[in-house]
Amino acid sequence: MAEVKRLCAALLLAGMSAGCATSGGNPADPLEPLNRVVFSFNDAADKAVIKPVARAYRAVLPGIVRTGVSNFFSNLEDIWISVNDVLQGKFQEGIDDLGRVLFNSTFGIAGIFDFASQLGFQKHNEDFGQTLGSWGVGSGAYLVLPILGPSTIRDGFGLLLDTQADLVFKIDGVPVHNSLYGTRAIANRANLLDASSVIEQAALDKYAFVRDAWLQRRRNLVYDGNPPREREDPDDEPTK
Amino acid sequence: MKIAHCFLLALLIPVAQAQQPAPDVLVKSISEEVVAILKKDKDIQAGDSKKVVDLIETKVVPHFDFIRMTRIAMARNWRLASPEQQKVLADEFKTLLVRTYSTAISNYRDQQIDYKPLRAKLEDTEVTVRSEVKPSGSSQPVSIDYEMEKTPNGWKVYDVKVGGVSLVTTYRDTFAGEVREHGVDGLIKSLAAKNRQPERSKAGKT
């Protein structure tokens, strides 16, 4: 216990000194010093363990198997997505997403095949953080969660509920539940290998780049792809 | 004489406009051309990143307005930069974006690209061309939107948004932070240093 405390204190101290080295400027990120510490921890864990495993997963399994694995987990997600559709007042999409689950669970053999998409019932991206956003809850401060990565105060609360509703967590038997959870994490990471190589190439400061891209992405998702234009600052785009 | 001039002008204007392809047609034809080359070229498939960069430089870059992109990314700090610094900044930013774009495009594997009908009036000078890339599997399609402006030299792209994330404004905080701490020259230096790093051609090598 004392060791944990010491570790926390060391992390905090490191955070503060990191904060002094690079004074933050984004008003959405008041916790930047601490976030940067968690971010570099996550980055190190990713480089050392998660990414190599994801890369091996991609190298070993043929594309069709990986798609099947992703589809299986994606089908389980669709149930909670349809609940969130309804909570956001999008009843038609709620029905469509429930239809996706019923169709893919049966004809798609437990969700391994996504026939519903081929029939034109496109998958939606919803979670409880977005539902809170659609109800008018602001995102709050940017927050980097250990291992789980970029989030905000609002989306962190959303994630708590998402986890409660997560069917994989409901499965009895710790070994089954843990191996499913691990497989899902690796499958998700493998799907992001290309994207993360683009970020490595693009970013001058990876932390700030990921943060600013993440915040824009979440805003876009809350507005289902059509966010209102942000207040134009006359200084935003100087003419000369 | 004057009437003849006016008449001549009136004749010329529609010709000049007709020579500029519509923005959505332009985006579609460029993407299709680039994708066709990506699929055909054996060197590119073997991971020749130099060749991808050359492809982007010749086919894509002429249709982008990098000065405007740099201006948007710099926001209010643009005015702090001298005309020479502005030119260097735009050049370095261009190099960075071209390299990023070529990394992204090297990962392209036969995904289907759909172009949405253009919602714009004939007299509009700024439009958004929307497209969607459908990845394999059941993941949601990713939107790619091109913000374009009409110029005397045809339509030019000044921002690309992938899944709602702007390639240009995502750099704002980074640029502002560099300028605040090390000035405009500091930003130029770190851009140049980034651009000197070896290319990340394939996803696997990072």
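Since we're looking at a predicted model, the values are computed, not measured. (Residues numbered from 1 in each chain as written. Chains lettered and ligands numbered in written order. Predicted model: local features only at pLDDT ≥ 70, side-chain atom pairs only at ≥ 80, totals over all residues.)

1. Quick word on the packing of helix H11 (residues 206-222) of chain A against helix H7 (residues 172-196) of chain B
Working step 1: Packing of H11(A) against H7(B) brings their axes to within 8 Å, and their N-to-C directions diverge by 140°. Listed contacts from H7(B) to Ala208(A), Phe209(A) and Asp212(A) of H11(A) are Asp173(B), Thr174(B) and Gly177(B).
Working step 2: Of the residues that constitute the contact of H11(A) with H7(B), the class distribution is two nonpolar, two polar and two charged. (Axes fitted to C-alpha atoms, helices over the stretch in contact; angles between N-to-C directions. Helix = DSSP H or I, 4+ residues; strand = E, 2+ residues; numbered from the N terminus. Contact = placed C-beta atoms within 7 Å. Nonpolar A, V, L, I, M, F, W, Y, C, P; charged D, E, K, R; others polar.)

2. A short note on the interface of chain B and chain A
Working step 1: Each partner contributes residues to the interface: chain B has 34 residues there, and chain A has 38 residues.
Working step 2: If you tally residues by element for the side of chain B that touches chain A, the top one is H7(B), at eight residues.
Working step 3: Tallied by class, the residues present in the side of chain B that touches chain A amount to eight nonpolar, 18 polar and eight charged.

3. Looking at the nonpolar core
Working step 1: The biggest cluster of nonpolar side chains holds 32 residues, and the ones touching the most others in it are Met69(B), Ala73(B), Met74(B), Leu89(B), Phe93(B), Phe175(B) and Leu187(B).
Working step 2: Taken together, the elements giving at least two residues each to this core come down to helix H4 (49-59), helix H5 (66-74), helix H6 (83-106), strand E3 (142-151), strand E4 (154-162) and H7 of chain B.
Working step 3: Excluding anything up to four places from it in sequence, Met74(B) contacts Leu89(B) and Phe175(B).
Working step 4: Ranked by size, the runner-up nonpolar core spans 11 residues in total, among them Val37(A), Leu143(A), Tyr207(A) and Leu215(A). (Core = buried A, V, L, I, M, F, W, Y, C linked by C-beta atoms within 7 Å. Buried ≥ 20, exposed ≤ 12 C-beta atoms within 10 Å, placed from the backbone.)

4. A look at the pairing of strand E1 (residues 142-145) of chain A
Along any regular strand, the residues point their side chains to alternate faces of the sheet.
Residues and elements named next belong to chain A.
Working step 1: Taken together, the four bridges between E1 and strand E2 (residues 149-152) define a ladder with antiparallel strand orientation. Along E2, the bridge assignment pairs Leu-143 with Ser-151.
Working step 2: Counting the residues that bridge the hairpin from E1 to E2 gives three residues, and of these Ile-147 lies at a positive phi of roughly 65°. (Pairing = 2+ DSSP bridges.)

5. Comments concerning the confidence of the model for chain A
Residues and elements named next belong to chain A.
Working step 1: A residue-level look at chain A finds 86% of positions with pLDDT of 70 or above and a mean pLDDT of 87.
Working step 2: Here residues 1-5 is a poorly scored stretch, pLDDT under 50, and it has zero contacts once near neighbours within four places are set aside; other chains count.
Working step 3: A low-confidence stretch, residues 7-23 (pLDDT under 50), is modelled with 13 contacts involving residues beyond four sequence positions or located in other chains. (pLDDT = per-residue confidence, 0-100.)

6. Description of the environment of Gln45(B)
Residue and element names in this part refer to chain B.
Working step 1: Turning to its location among the elements, Gln-45 is positioned in helix H3 (residues 42-45).
Working step 2: Assessed through the 11 C-beta atoms surrounding it within 10 Å, Gln-45 is described here as exposed.
Working step 3: In the structure, Gln-45 is positioned 62 residues away from Asn-107 in sequence and 9.6 Å away in space, judged by C-alpha atoms.

7. Description of the environment of Ala28(A)
Residue and element names in this part refer to chain A.
Working step 1: Considering the arrangement of structural elements, one finds Ala-28 in the loop between helix H1 (2-21) and helix H2 (32-60).
Working step 2: Considered as a pair, Ala-28 and Ile-199 are 171 residues apart in the sequence and their alpha carbons are 21 Å apart.
Working step 3: Once residues lying within four places of it in the same chain are set aside, the contact partners of Ala-28 are Ala-141, Tyr-142 and Leu-215.

8. With respect to the sheet that holds strand E2 (residues 126-134) of chain B
All names here are of chain B.
Working step 1: What the five strands build is an open sheet, ordered E1-E2-E3-E4-E5; its pairing is antiparallel. Where the open sheet ends on each side, the last strands, each with one partner, are strand E1 (112-115) and strand E5 (165-166).
Working step 2: Two elements, E4 and E5, share two bridges in a ladder whose sense is antiparallel. Each bridged residue has a counterpart across the sheet, and for Lys-161 the counterpart in E5 is Ser-166.

9. Side note on the confidence of the model for chain B
Residues and elements named next belong to chain B.
Working step 1: In this model, chain B carries an average pLDDT of 85, and 85% of its residues clear a pLDDT of 70 or more.
Working step 2: Averaged over each element, pLDDT in chain B is lowest for helix H1 (residues 2-19) (55) and highest for H5 (96).
Working step 3: In the predicted structure, residues 201-206 sits below a pLDDT of 50 and forms 14 contacts with residues beyond four places in sequence or in another chain.
Working step 4: For this predicted complex, the interface score ipTM comes out at 0.81, alongside a pTM of 0.83.

10. Digging into the packing of helix H3 (residues 63-87) of chain A against helix H4 (residues 91-106) of chain A
Residues and elements named next belong to chain A.
Working step 1: Running from N to C, H3 and H4 point in directions that differ by 160°, and their axes come no closer than 8 Å. When the axis of H3 is compared with that of H4, the two are roughly antiparallel. The element H3 and its partner H4 pack so that their crossing is left-handed. Listed contacts from H4 to Asn-75, Asp-78, Ile-79, Ile-81, Ser-82, Asp-85 and Val-86 of H3 are Phe-91, Glu-93, Gly-94, Asp-97, Leu-98, Arg-100, Val-101, Asn-104 and Ser-105. (Parallel < 35°, antiparallel > 145°, perpendicular 65-115°, else oblique. Left-handed = near helix turned anticlockwise from the far one by under 90°.)

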